[in-house]
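These are the residues of each chain, in order.
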Amino acid sequence: MHASAIAPPLTAVPLIAAALLAAALVGACAAPTNSFGFEDVEVDATTLPSRIAFGSCADQDRPQPALERVVERDPDLFVYLGDNVYGDTEDMDVLRGKYETLAARPEFQSLRAHCPTLAIWDDHDYGANDAGKEYPQKEASREVFLDFWGVPMDSPRREHAGIYHDHVFESGGRTLQVILLDTRTFRDALVRNGDAPVPPHKNDYRPNLDPTATILGEAQWAWLGERLAVPADLRIVATSIQFG
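Residues numbered from 1 in each chain as written. Predicted model: local features only at pLDDT ≥ 70, side-chain atom pairs only at ≥ 80, totals over all residues. Heavy atoms only, no water.

(A) Representation of the pairing of strand 1 (residues 52-55) within the structure. Going residue by residue along strand 1, you find Ile52 and Phe54 tucked away on one face and Ala53 and Gly55 tucked away on the opposite face as well. Where strand 1 and strand 2 (residues 77-80) come together, 4 bridges link them in parallel fashion. Bridge pairing in strand 2 places alanine 53 opposite phenylalanine 78. Following the backbone out of strand 1, through helix 1 (residues 65-72) and into the adjacent parallel strand 2, one traces a crossover that is right-handed. (Buried < 20%, exposed > 50% of the residue type's maximum accessible area, 1.4 Å probe, protein only. Helix = DSSP H or I, 4+ residues; strand = E, 2+ residues; numbered from the N terminus. Pairing = 2+ DSSP bridges. Right-handed = clockwise from strand over helix to strand, strands pointing away.)

(B) Summary view of the packing of aromatic side chains. Counting across every chain of the model gives 15 aromatic pairs. Between phenylalanine 78 and tyrosine 80 the ring centres are 4.7 Å apart and the planes differ by 70 degrees, which places this aromatic pair in the edge-to-face class. Just as phenylalanine 78 is buried, tyrosine 80 falls in that class too. Pairing phenylalanine 108 with tryptophan 149 gives two aromatic rings, centres 6.2 Å apart and planes at 70 degrees, and the pair type is edge-to-face. Of this pair, phenylalanine 108 sits in helix 3 (residues 106-114) while tryptophan 149 sits in the loop between helix 5 (138-148) and strand 4 (165-171), and the two are 41 residues apart along the sequence. In this structure, arginine 96 is placed above the aromatic ring of phenylalanine 36, and the distance from its NZ or CZ to the ring centre is 4.1 Å. (Phe/Tyr/Trp six-rings, centres within 6.5 Å; stacked < 30°, edge-to-face > 60°. Lys NZ or Arg CZ within 6 Å of the ring centre and 35° of its normal.)

(C) Region of interest: the pattern of salt bridges. Applying the stated criterion to the full structure yields 11 salt bridges. A salt bridge links aspartate 166 to arginine 227, with the nearest nitrogen and oxygen atoms 2.9 Å apart. One end of the pair, aspartate 166, is in strand 4; the other, arginine 227, is in helix 6 (residues 218-228), with 61 residues separating them in the sequence. With a relative accessible area of 16%, aspartate 166 lands in the buried category. Residues joined by salt bridges that share partners form a network here, namely Arg142, Glu143, Asp147 and Arg158. (Salt bridge = Lys/Arg side-chain N within 4 Å of Asp/Glu carboxyl O.)

(D) Seen up close, the sheet that holds strand 5 (residues 174-180). The 3 strands lie next to each other as 4-5-8, forming an open sheet whose pairing is mixed. Each edge of the sheet is formed by a strand with only one pairing partner; in this case those strands are strand 4 and strand 8 (234-238). Between one strand axis and the next, the sheet turns through 10 degrees on average, direction left out of account. Here strand 4 pairs with strand 5 via 7 bridges, running antiparallel. The residue of strand 5 that forms the bridge with aspartate 166 is isoleucine 179. Strands in contact with helix 6 are strand 4, strand 5 and strand 8; relative to strand 5, the strand with the most contacts, it is inclined by about 170 degrees. (Axes fitted to C-alpha atoms, helices over the stretch in contact; angles between N-to-C directions. Contact = heavy atoms within 4.5 Å.)

(E) Unusual backbone geometry, seen in detail. Even without a glycine there, the phi angle at aspartate 88 is positive, about 45 degrees. By the secondary structure assignment, aspartate 88 is in the loop between strand 2 and helix 2 (92-103). With a relative accessible area of 36%, aspartate 88 lands in the partly exposed category. For aspartate 130, which is not a glycine, the phi torsion comes out positive at approximately 60 degrees. Turning to its location among the elements, aspartate 130 is positioned in the loop between helix 4 (123-126) and helix 5. The class for aspartate 130 is partly exposed, based on a relative accessible area of 21%.

(F) How the structure looks around the side chain of glutamine 177. Within the element layout of this structure, glutamine 177 appears in strand 5. From its side chain, glutamine 177 meets the backbone oxygen of arginine 227 in a polar contact 2.9 Å long. With near-sequence residues (within four places) excluded, glutamine 177 lies in contact with Asp166, His167, Val168, Arg227, Val230, Ala232, Leu234, Arg235 and Ile236. (Polar contact = N/O pair within 3.5 Å; in protein donor to acceptor, adjacent residues only side chain to side chain.)

Read these as spatial facts, not as claims about activity.
Pasting the structure below:
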C-alpha cells in the first residue's frame, strides 16, 4: 500500500483547487458494525479535520503495516484513492470476498475504528485492469463498493450512476469541501498503442484524439461544475488517476 501523506492544519493550508479524493468526514462516535464486520466512525460535518491522510493500492492478501503507521500519526480523516482491493473479476461473489479479506485485516479494522474514511475506486476495485465504461459489471460492482464503505441505503449517492460525491464541512466560520471523482464508470475505452503511427507512443496506449471522448461523462462534468461553485476556504479534489 502506498504510504500516507499527512496534511498540515487547515489554517496552514492555502486554498487548493485540486488535490486528491474521498467521501464523509471526521467524528468521534463509533457507528454499529457494518455488514462486512468492522466498526466505522461516524461522520461529523460540523468538525474540520486538522490532519488528513491519503493512501491507495492496497493488496488485500498482504499485510498492510502502513496503516499501523497512519494510526500512530493520529489523523482525523483517511482518504482511500482507489485500488483499495484488487478485485479484477466479473463475479460479484469473488469481489465481495476480496473486500471481506480486507475487512478482516486487523490493521484495516484499527484504522476504520480510529477515524472516518472517504473512498473512491480505481480500476482494480472497479473490476478490471484499465477498465472504463465497457466493464459489464459496473452497476453491480458499485453496489458492493457502496455497501463496503458504509453508504446508507437511502443516501442520494445510490440514486445516480457511478460513485462520485462531495462533502462540505463547516466550523468556526471556515469551510472545507472534499470532492471525490469517479474516473472509471463513464470513461471511454482507451486506444491501444498497436495501431499508433510512427514514432510509436510509450507503453500500452496512445492519446485518444476523439474530441467526444470523456473520462468523467456528461452528468459528472455538470455536477462537478455545480459543486465547484460552492464557496469553500479549502477545496480538495480527490481522483484515482493523475492530473495532466
